[in-house]
Amino acid sequence: MKLTLQVDGALHPVTLTEEGVTIGRGDQATIRIQANAVSRVHARIFLKDGQPHVMDMKSLNGTSLNGVTLAEPAPLHPGDTVLLGEAVVKWVAEGDPAGPASGLSFNLAPRAGTSRISLEDRAFDASGSILVPHASLEAMLAQASGQHPAGEAVSLFQRLATMAGTLLRAAGLAELLESVMSLVTSQIPCQRGFILLADAAGELVPELAWEEQPGLNPNPISRTIARTAMKDRVAILTTDARMDPRFSAGESIKIHGITSALCAPLIVENQALGVIYLETSLSKGSFKREDEHLLSAMANFAAVGIQREREAKFRQRLERYHSPAVVDQILKSSQSKEAPALQAQRCQISVLFADISGFTRMSEGMEPLVLAGILNRTFEAMTDQIFSRGGTLDKYIGDAIMAFFGAPNPDPDHAKHAVEAAAAMQETLRALNAARPEGYPELRMRIGINSGEAFAGDIGCEKRMDYTVMGSTVNLASRLESGVAKPGQIVVGPRTAELVGLEQLRPLEGFLLKGIEQEVRPFEVVWAQDTQPAPHGSM
């Protein structure tokens with residue numbers, strides 16, 4: 001008779017005979033459970049007169065069927081609940097949505113509540129614990145295939161395959177972390193579980209805290225264990241925290257009887273992202289090496305998922321400012337650096353300000369939808385010219401555009417690319433005017449460009465962060481656009497002229513600009529095909 005048993009959250013298809021299958025935590029058991037309350041061979045499920053039966057195998061903590069302790073073999077029906085100590089066994093009927101066809105199921109609904117937790121430093125001595133160096137997922141799977149019985153290796157593969165599918169379906173980092181914790185706690189019995197991720201400074205910050213009984217144990221967890229696991233890239237297993245020197249002063253040990261801790265690092269592509277940290281008590285049983293092996297494998301998968309979510313969010317931010325080609329380049333570059341790609345830094349850039357002349361006055365009598373349509377059509381065309389030359393879109397300011405060239409990726413030709421983009425923007429606007437719908441106004445644009453050193457990086461707060469540039473180079477570019485350039489003109493500062501050469505430039509008279517201490521002698525870019533530049537030095 002073929003049936004499916006759900007044993008402590010995992011589905012096991014079995015062919016039941018009169019001899020039956022045994023369940024326990026020992027090597028002799030047909031189906032193994034890693035739980036201290038389960039005996040080595042705890043219970044047996046077998047056929048009797050064509051009907052599945054369950055019997056206790058003289059276990060220490062007994063076997064119950066639907067809440068009744070078994071003294072003799074009893075018939076088993078679909079949906080019945082068998083309790084082996086604290087481990088649940090069910091017969092899952094065919095077609096029951098309890099599990100997928102892959103042969104494994106995890107209960108992803110939170111088994112208990114979530115809470116907040118703090119960390120504390122405690123004396124650390126590794127002598128009372130097992131420390132296992134981190135291994136890649138590929139190495140772990142190869143080890144499982146070569147050193148463990150075939151059934152155990154297949155079980156591990158099934159668990160990880162199911163976990164991978166679950167994490168791929170997660171929408172956002174918060175849902176992914178909740179899924180990771182649900183998967184972990186459904187497979188490794190524990191009292192508390194935590195996911196801690198490293199912040200920009202490398203400090204571990206609790207992102208998710210889970211408790212079997214919320215509020216029962218508000219005590220801090222060991223920052224030292226978590227840091228050691230991440231820094232040294234080891235999984236740490238304390239088999240009995242009361243005997244471990246680093247826990248000797250911990251109040252949580254004395255008050256709540258926490259006896260075992262298990263911590264595995266979250267590592268992907270040689271980068272440590274954080275840790276998964278579990279605690280349990282004597283009533284649950286100490287963690288075993290099998291738990292460490294499973295948690296380490298799960299942590300490898302979780303790290304990949306966390307990295308994927310972070311990269312997706314990072315890419316989404318980058319796409320607000322850059323062309324897809326530049327985004328790919330930034331992401332590729334950031335993978336080989338310790339510092340984030342958008343970290344604040346000083347750099348040599350060219351800043352471009354462009355403003356539609358007189359648009360505010362023109363828009364006073366326009367319908368809002370018409371106004372939005374004109375701006376969107378114009379901005380899209382202008383932004384394409386900026387992106388095609390490797391520029392970064394800083395922001396739209398009403399009817400104006402701010403962009404810069406040379407950051408976050410250095411560009412030795414930033415001035416040249418900024419001037420080329422400005423000329424292409426004026427040409428594009430001319431073409432848009434020629435093809436504008438009837439009733440649309442003719443648009444003209446002023447552009448100012450300046451080159452030099454500026455501060456570039458993420459600026460803002462936790463809720464809103466923007467990549468932007470600041471400094472006197474930026475201020476002068478803004479003044480050249482608003483105080484010097486006329487409609488249809490491109491005006492550049494002296495440093496930009498020096499970088500691009502004077503061949504297509506016309507010198508202008510000196511200007512005293514607001515906020516600029518010294519007189520500025522700018523240049524006009526001769527961008528129109530029907531206009532020739534004046535001789536160098538003429539005014």
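Draft legend 1. Region of interest: the overall build of the chain. Scanning the chain from terminus to terminus reveals 12 helices and 27 strands. Here the chain holds 539 residues, and the buried ones make up 51% of them. The long-range share in the chain, meaning contacts at least 24 apart out of those at least 6 apart in sequence, stands at 64%. Only carbon and sulfur atoms are counted for the fraction: they give 52% of the accessible area of the chain, which is about 26100 Å².

Draft legend 2. Highlighting the nonpolar core. Among the nonpolar cores identified, the biggest contains 36 residues, and Leu-352, Met-382, Met-425, Ile-447, Ile-449, Ile-490 and Val-492 are the most heavily contacted of them. Of all the secondary structure elements, the ones that give two or more residues to this core are strand E20 (345-356), helix H9 (368-387), strand E22 (400-405), helix H10 (414-434), strand E23 (445-460), strand E25 (490-492) and strand E27 (523-525). Among the elements that line this core, the one with the most residues is H10, at 8 residues. When neighbours within four sequence positions are excluded, Ile-447 is seen to be in contact with Leu-352, Phe-353, Ala-354, Ala-422, Met-425, Gln-426, Glu-481, Ala-485, Gln-489, Ile-490 and Val-491. Core analysis: the second largest hydrophobic core is formed by 28 residues, Met-181, Cys-190, Leu-208 and Leu-295 among them.

Draft legend 3. Region of the structure containing the pattern of salt bridges. Under the counting rule described, the total for this entry stands at 13 salt bridges. Residues Glu-203 and Arg-227 are paired through a salt bridge, measuring 3.0 Å at the closest nitrogen-oxygen approach. Of this pair, Glu-203 sits in the loop between strand E14 (192-198) and strand E15 (204-211) while Arg-227 sits in helix H4 (residues 223-231), and the two are 24 residues apart along the sequence. The salt bridge partner of Arg-308 is Glu-309, with a shortest N-O separation of 3.5 Å. The exposure class assigned to Arg-308 is partly exposed, which follows from its relative accessible area of 30%. Judged by relative accessible area, which is 12%, Glu-309 ranks as buried. One salt-bridge network, held together by shared partners, links Asp-355, Arg-446 and Glu-481.

Draft legend 4. Structural view of the sheet that holds strand E7 (residues 63-65). As summarised here, the arrangement of the 6 strands in space is E2-E1-E11-E10-E7-E8, forming an open sheet in which the pairing is antiparallel. At either end of the open sheet lies a strand with only one pairing partner, and these are strand E2 (10-15) and strand E8 (68-69). Looking at chain direction, strand E1 (residues 2-7) and strand E11 (residues 87-92) are connected through 4 bridges and run antiparallel. Considered in E11, the bridge of Val-7 is made with Val-89.

Draft legend 5. Representation of the pairing of E14 in the model. Among the 7 residues that make up E14, 7 are buried, leaving the element largely enclosed by the rest of the structure. Of the two faces of E14, the one holding Arg-192, Phe-194, Leu-196 and Ala-198 and the one holding Gly-193, Ile-195 and Leu-197 are both buried throughout. Both E14 and E15 contribute to a ladder of 7 bridges, which runs antiparallel. The residue of E15 that forms the bridge with Gly-193 is Trp-210. Here E14 folds back onto E15, and the loop between the two strands holds 5 residues, one of which, Gly-202, carries a positive phi near 90°.

Draft legend 6. Inspection of the packing of helix H3 (residues 173-187) against helix H6 (residues 289-318) at higher detail. At a minimum axis separation of 10 Å, H3 and H6 run at an interaxial angle of 170°. Regarding the angle of H3 to H6, the classification is roughly antiparallel. Across the interface between the two elements, Leu-173, Leu-176, Leu-177, Val-180, Leu-183, Val-184 and Gln-187 of H3 pack against Leu-294, Leu-295, Met-298, Ala-302, Gly-305, Ile-306, Arg-308 and Glu-309 of H6. Class assignment of the residues belonging to the contact of H3 with H6 gives a composition of 11 nonpolar, 2 polar and 2 charged.

Draft legend 7. Quick peek at the packing of H9 against H10. The contact between H9 and H10 brings their axes to 9 Å, and the two run at 150°. By the angle between their directions, the pair H9 and H10 is classed as roughly antiparallel. Considering how the two elements wind past one another, H9 and H10 form a crossing that is right-handed. Here Arg-377, Thr-378, Ala-381, Met-382, Gln-385 and Ile-386 of H9 come into contact with H10, specifically with Ala-421, Ala-424, Met-425, Thr-428, Leu-429 and Leu-432. Broken down by class, the residue content of the contact of H9 with H10 amounts to 8 nonpolar, 3 polar and 1 charged.

Draft legend 8. Representation of the packing of aromatic side chains within the structure. This model, assessed by the stated rule, comprises 3 aromatic pairs. On the numbers, 5.9 Å between centres and 50° between planes, the contact of Phe-404 with Tyr-467 is tilted. One end of the pair, Phe-404, is in strand E22; the other, Tyr-467, is in strand E24 (residues 465-470), and 63 residues separate them in sequence. An identical accessibility class is assigned to Phe-404 and Tyr-467; each is buried.

Draft legend 9. Quick peek at empty space enclosed by the protein. Within the structure shown, the criterion is met by 1 cavity of 30 Å³ or more. Here the largest cavity is characterised by a volume of approximately 40 Å³. Secondary-structure elements contributing two or more residues to the lining of the largest cavity are H9 and H10. For the lining of the largest cavity, a count of residues per class yields 6 nonpolar, 1 polar and 2 charged.

Draft legend 10. Inspection of the confidence of the model for the chain at higher detail. Here the chain averages 78 in pLDDT, and 74% of its residues register 70 or above. Confidence over residues 97-115 falls short of pLDDT 50; this stretch has 52 contacts with residues more than four positions distant or in other chains. Note on residues 530-539: pLDDT under 50 across the span, and 19 contacts to partners over four residues away in sequence or across chains.

Draft legend 11. Layout of H3. Between the first and last C-alpha of H3 there are 21 Å, a value that for 15 residues agrees with the 21 Å anticipated at 1.5 Å per step. Most of H3 sits inside the fold, with 11 of its 15 residues counted as buried. When H3 is considered as a whole, its buried residues turn out to be Leu-176, Leu-177, Ser-179, Val-180, Met-181, Ser-182, Leu-183, Val-184, Thr-185, Ser-186 and Gln-187.

Draft legend 12. Broad picture of the sheet that holds strand E9 (residues 74-75). One open sheet accounts for 5 strands, arranged E4-E3-E5-E6-E9; its pairing is mixed. A single partner strand is all that each edge strand has here, and the edge strands are strand E4 (31-32) and E9. As paired strands, strand E5 (residues 43-48) and strand E6 (residues 51-56) are joined by 6 bridges and run antiparallel to one another. Its bridge partner being in E6, Lys-48 is matched across the sheet by Gln-51.

Cut-offs used in this document
Residues numbered from 1 in each chain as written. Predicted model: local features only at pLDDT ≥ 70, side-chain atom pairs only at ≥ 80, totals over all residues. Heavy atoms only, no water. Helix = DSSP H or I, 4+ residues; strand = E, 2+ residues; numbered from the N terminus. Buried < 20%, exposed > 50% of the residue type's maximum accessible area, 1.4 Å probe, protein only. Contact = heavy atoms within 4.5 Å. Areas by Shrake-Rupley, 256 points an atom, 1.4 Å probe, with all protein chains shown as cover. Core = buried A, V, L, I, M, F, W, Y, C linked by side-chain atoms within 4.5 Å. Salt bridge = Lys/Arg side-chain N within 4 Å of Asp/Glu carboxyl O. Pairing = 2+ DSSP bridges. Axes fitted to C-alpha atoms, helices over the stretch in contact; angles between N-to-C directions. Parallel < 35°, antiparallel > 145°, perpendicular 65-115°, else oblique. Nonpolar A, V, L, I, M, F, W, Y, C, P; charged D, E, K, R; others polar. Left-handed = near helix turned anticlockwise from the far one by under 90°. Phe/Tyr/Trp six-rings, centres within 6.5 Å; stacked < 30°, edge-to-face > 60°. 1 Å grid on protein atoms, 1.4 Å probe; cavity = no way out; pocket = protein on both sides within 12 Å on 5 of 7 lines; lining within 4 Å. Points joined across faces, edges and corners; volume = space filled by probe spheres on them. pLDDT = per-residue confidence, 0-100. Expected span 1.5 Å × (residues − 1).

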